[in-house]
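# Commentary on secondary and tertiary structure
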Amino acid sequence: MFSKKPNEGLLARVNFPLFTVQMLTSRHVLVAGGGGSAKTGVANGFEVFELHHNGQQFSAEECLRHITGGSVVMNCSTLCTSRNTYLVAGQESHCQLYTVNFRVVSGENSFDREDTSNDNKEVEVRKRKKRNSDSASGFKEHNSSKDIPLDSGKVLELAIEPLKSVQTDFSDGESLQRVVRISHIGNLMATGGTDGYLRLWTFPDLNSLHNIPAHSKEIDDLDFSSDEKLIASVAKDGRAVVWNVSTGKKAKELQWVFPNGTKYLCKRCRFGVVEDKKEIIRLFILTNPVGKGPSFIQQWDALSGELTKSAGLSESGSALAVRNDGRFVAVGTMFSGSVHIFVAFSLQQVLLVRHVHDMFVTGLEFLPVQQDSSSSVSPVEAAVLSISVDNKVCIHSLPFRRSLPLWVFLLMMVIVLFSSFFLCCFFGL
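Everything numeric here is computed off the predicted structure, so don't read it as measured data.

## Considering the nonpolar core
Ranked by internal contacts, the top residues of the largest apolar core, which has 19 residues, are Leu385 and Val393. The contacts of Leu385, once residues within four sequence positions are left out, are Leu11, Met23, Val29, Leu51, Gly363, Leu364, Glu365, Leu367, Val393, Cys394 and Ile395. Within the second largest apolar cluster, 18 residues are counted, among which are Val339, Val343, Leu351 and Ala382.

Here it is, written out as structure tokens:
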């Protein structure tokens, strides 16, 4: 197992606490958060960074900053299609839909930031300056429309435009959207908040589809299966439930016997990739004890409701991510600000970065892999971004692992050579 020093992967610092992180494209990452009320003097909004790799380490360059006034961004979700890039962000009791537009322009016309607005909408534009050609070595982009030749003298312009806003939480007290997810296919959106309702919406027109009274307490997390047929929800009432998307009915409720009689609550949930010829749909659940005891990253069969694998952690977990190919799982911790990476199939830990953040990890996001390849878009086996309320954006990479330790390989070579020599002597060759 690899272990790394804290701050080794520090990418950027922003001037507000961070609560959510999403990939816009395979090399553009969005982080969001804020200080809440304008009286705090801390900004609310999000920033977009472009990631680069020089062959040895990652770096990040800011290419867009959007301020949301007095509304802190606690949760968001993104969808990048061949035609549009969408962003939905939780702002108190409402969900705001944005489009993020990319345009290639001449590098000679680049400038720091331009803000334009009128009576009906606000558009913020950020143009970044041309980078040296060696700054993005080994880093590939999915969408060719955003892949600019490094020697072309052109840069990428980003513009954000707010569209529709809908109310997603209707609590009697303080209404707050806690989580939002756009489905992988992009036809649906799900929201959950303090009123305990799981709400499904058509996307991107945001028409109400199902209002499900899913939980008796506020919802902590939601996730769609990759085929858009199931959605999982976990909440502070201690329940973890899998729902049928088409009917809005409960498909399975996940139940397990707590170890040592300690009560556990489910904190986060993420589906793995649905494989066409498999009868198992993997669902990963992060569970924390109420009181003393280890926390667990669990692998469930979402169809049968059976717990298939489990791995213990020495402290409570706060964030969970699964790579888009379902191969790796990452967990962020509550007290030490550490990041763990596991092999999804076996839950074997392959990377641990201790104390990377000064406070609890609020969000994790893997750099995606090419859909037609098992290799990462970066020159490492896996890389995950982490954020926290300490204002830091960090990246943690797993180097490519040898299939066999070097000493085992050398020993096998010696055995093969000795055997060949012995056989030659035996037959008089």
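## A word on the pairing of strand E14 (residues 188-193)
Counting buried residues along E14, 6 of its 6 residues qualify, which places the element largely inside the surrounding structure. Every second residue of E14 is oriented toward a common face, with Leu188, Ala190 and Gly192 on one face and Met189, Thr191 and Gly193 on the other, all of them buried. Here strand E13 (residues 177-182) pairs with E14 via 5 bridges, running antiparallel. Bridge pairing links Val179 to Gly192 in E14. Where E13 folds back on E14, the antiparallel hairpin that results is connected by 5 residues, among which Gly186 adopts a positive phi of roughly 100°.

## What about a nonpolar patch on the surface?
Residues Phe418, Phe422, Leu423, Phe426 and Phe427 make up a contiguous nonpolar surface patch of about 630 Å² in total accessible area. Mapped onto the elements, Phe418 comes out in helix H1 (residues 406-426).

## Quick look at the sheet that holds strand E17 (residues 219-224)
Remark on secondary structure: sheet strands pair via backbone hydrogen bonds, oriented parallel or antiparallel. With respect to topology, 4 strands assemble into an open sheet ordered E17-E18-E19-E20, the strand pairing being antiparallel. The sheet terminates laterally at E17 and strand E20 (250-254), the two strands that pair on one side only. Taken over all neighbouring pairs, the strand axes of this sheet differ in orientation by 20° on average, direction set aside. Here 5 bridges tie strand E18 (residues 230-235) to strand E19 (residues 240-244), and the two strands are oriented antiparallel to one another. Counted as the bridge partner of Leu230 is Asn244 from E19.

Scoring rules and cut-offs
Residues numbered from 1 in each chain as written. Predicted model: local features only at pLDDT ≥ 70, side-chain atom pairs only at ≥ 80, totals over all residues. Heavy atoms only, no water. Core = buried A, V, L, I, M, F, W, Y, C linked by side-chain atoms within 4.5 Å. Buried < 20%, exposed > 50% of the residue type's maximum accessible area, 1.4 Å probe, protein only. Contact = heavy atoms within 4.5 Å. Helix = DSSP H or I, 4+ residues; strand = E, 2+ residues; numbered from the N terminus. Pairing = 2+ DSSP bridges. Patch = residues over 30% accessible without salt bridge, like charges linked within 9 Å, V, L, I, M, F, W, Y side chains within 5 Å. Areas by Shrake-Rupley, 256 points an atom, 1.4 Å probe, with all protein chains shown as cover. Salt bridge = Lys/Arg side-chain N within 4 Å of Asp/Glu carboxyl O. Axes fitted to C-alpha atoms, helices over the stretch in contact; angles between N-to-C directions.

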